Each structure stands twice: as C-alpha cells, then as structure tokens.
Amino acid sequence: YTEAAEKLGVETALIKALVEVESSGRGFLEDGRPLVMFEEHVFYSELKKAGLDPEVVLSDHPDICARTFDGKRARGPKTELAQLEKARAIHEEAALRSASWGLFQIMGFNCAAAGFENVTEFVAAMETGEGAQLLAFCRFLGSNTRMLTALREKDWALFARLYNGAGYKTHAYDERLRDAYLKNGGK
C-alpha cells in the first residue's frame, strides 16, 4: 500500500481506508473467488448498450436486472456471485461490466480506465491476486485527475460522489471513508 500511495501522491492511510470501506480488507472470498458486487441496474444499461432489450431480461429475471438501483435487494458474496453467473449466461460482457471487483470494487465498465483492453482481460487480472487489484486501482485513480485530487485533498464528499455515484450519502460513504482514514493513521 505504501508504494501505491507514493505512486499516487497520497497517504498510505487513504489507500487502507478505501480497502476497508470498499471490501472490508479482502479482495477474495475464502474459496478463492474474487469479491464481487453485481449491480442489477448497471446490467440493464449494459444490455441496452449491447443491443439487447433489457425489458425482456427484466421480465424473465428480475433478480438480476433492474431499471434503477434498489438498495433493498438481498446482498452477500454468494448472492452476488450467483447473480453474476446467471447474468453471464445471458450476456457475458454485459454481466462482467456490471459487477465491481476486488479490494477496491472497481466496476467492470471501468476496465479501460484501469488499464485493460477489455473487460475479460480486466476480470482475468482481478482473479489473479490482490496485487493485480491494487495495480488496477492505481491505474484507475491515475486516469481520473479530478477523483485523485479530491482524494489528495480529502474532499470526502466529492471523492465519494465521483467514486461511488450520487447516492453515496445514502450509505454515508464519505463519512465512513473519513472515519476509516483516521482509524488507519490519517492526519
């Protein structure tokens, strides 16, 4: 983490805080599969981009496809992986782009910003280890000056909005990130 922090020009405590908040400090499940979070509303959008009618998928599979974000859906590592696998059977690329991956929960649709040619290459790297997940995060953050500046300046609200979207306040993402930063030795 220290090397990554130096490369990005941020405190190590910021990197540790992001890992704590995004993934509770682990990029993999006990069985060796990468930690993922499947986003049903993103799958809907990615299906549309792929030229498919997401309404058909929504009517047949409301557990993996939704028009909008629904924070009330059942969550948990096994549920997320099951949703991802079901979505992969419908459209591989759209499914992979609709999940966030590893220590930093980088969305598959951000694969190019994380330094990969395509989402398949991105996922393959996410499956190799936490070092690859950290490298992808460094590339991702390095490709977004505004986000990196917000992190450097500890503008928690701006960083939270840019990293997690407009609904960040619902889950107090900015406050949790600030608290984790202080707990990890931030000043």
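All of these numbers come straight from a predicted model, not from anything done at the bench.

Calculation rules
Residues numbered from 1 in each chain as written. Predicted model: local features only at pLDDT ≥ 70, side-chain atom pairs only at ≥ 80, totals over all residues. Heavy atoms only, no water. Helix = DSSP H or I, 4+ residues; strand = E, 2+ residues; numbered from the N terminus. Rg over C-alpha atoms; globule rule 2.2 N^0.38 Å. Buried < 20%, exposed > 50% of the residue type's maximum accessible area, 1.4 Å probe, protein only. Contact = heavy atoms within 4.5 Å. Areas by Shrake-Rupley, 256 points an atom, 1.4 Å probe, with all protein chains shown as cover. Pairing = 2+ DSSP bridges. Arc of directions from axis to C-beta.

Enquirer: Looking at this structure, I do not really get the overall build of the protein. What am I missing?
Expert: Helices and strands together make up the secondary structure of the protein, namely 11 helices and 3 strands. Along its sequence from the N terminus, the protein presents helices and strands in the succession α-α-β-α-α-α-α-β-β-α-α-α-α-α. For the protein, the C-alpha radius of gyration of 16 Å lies close to 16 Å, the compact-globule estimate for 187 residues. Overall size of the protein, expressed as C-alpha extent along the three principal axes, is 50 × 30 × 30 Å. Looking at the 187 residues of the protein, the share that counts as buried comes to 46%. In the protein, the proportion of contacts linking residues at least 24 apart, taken out of those at least 6 apart, comes to 59%. Within the structure as shown, the protein displays about 9200 Å² of accessible surface, and the carbon and sulfur contribution to it stands at 50%.

Enquirer: So what exactly am I meant to see when it comes to the sheet that holds strand S3 (residues 106–107) here?
Expert: In a beta sheet, neighbouring strands pair by backbone hydrogen bonds and run either parallel or antiparallel. One open sheet holds the 3 strands; their spatial order is S1-S2-S3, and the pairing between them is antiparallel. Every interior strand has two partners, whereas the edge strands, strand S1 (36–38) and S3, have only one. Relative to S3, strand S2 (residues 99–101) runs antiparallel, the two being bridged by 2 bridges. The partner of Ser100 across the bridge, within S3, is Met107.

Enquirer: I keep staring at helix H9 (residues 145–152) and nothing clicks. Help me out?
Expert: Owing to its 3.6 residues per turn, the α-helix brings residues three or four apart onto one side. Among the residues of H9, those classed as buried are Met147, Leu148, Ala150 and Leu151. In an axial view of H9, the angular spread of the buried residues amounts to 160 degrees, which keeps them on one side of the axis. Lining the buried residues of H9 we find helix H1 (2–8), helix H2 (12–23), helix H8 (130–142) and helix H10 (156–164). Positive phi shows up at Lys154, right after H9, with a value of about 55 degrees.

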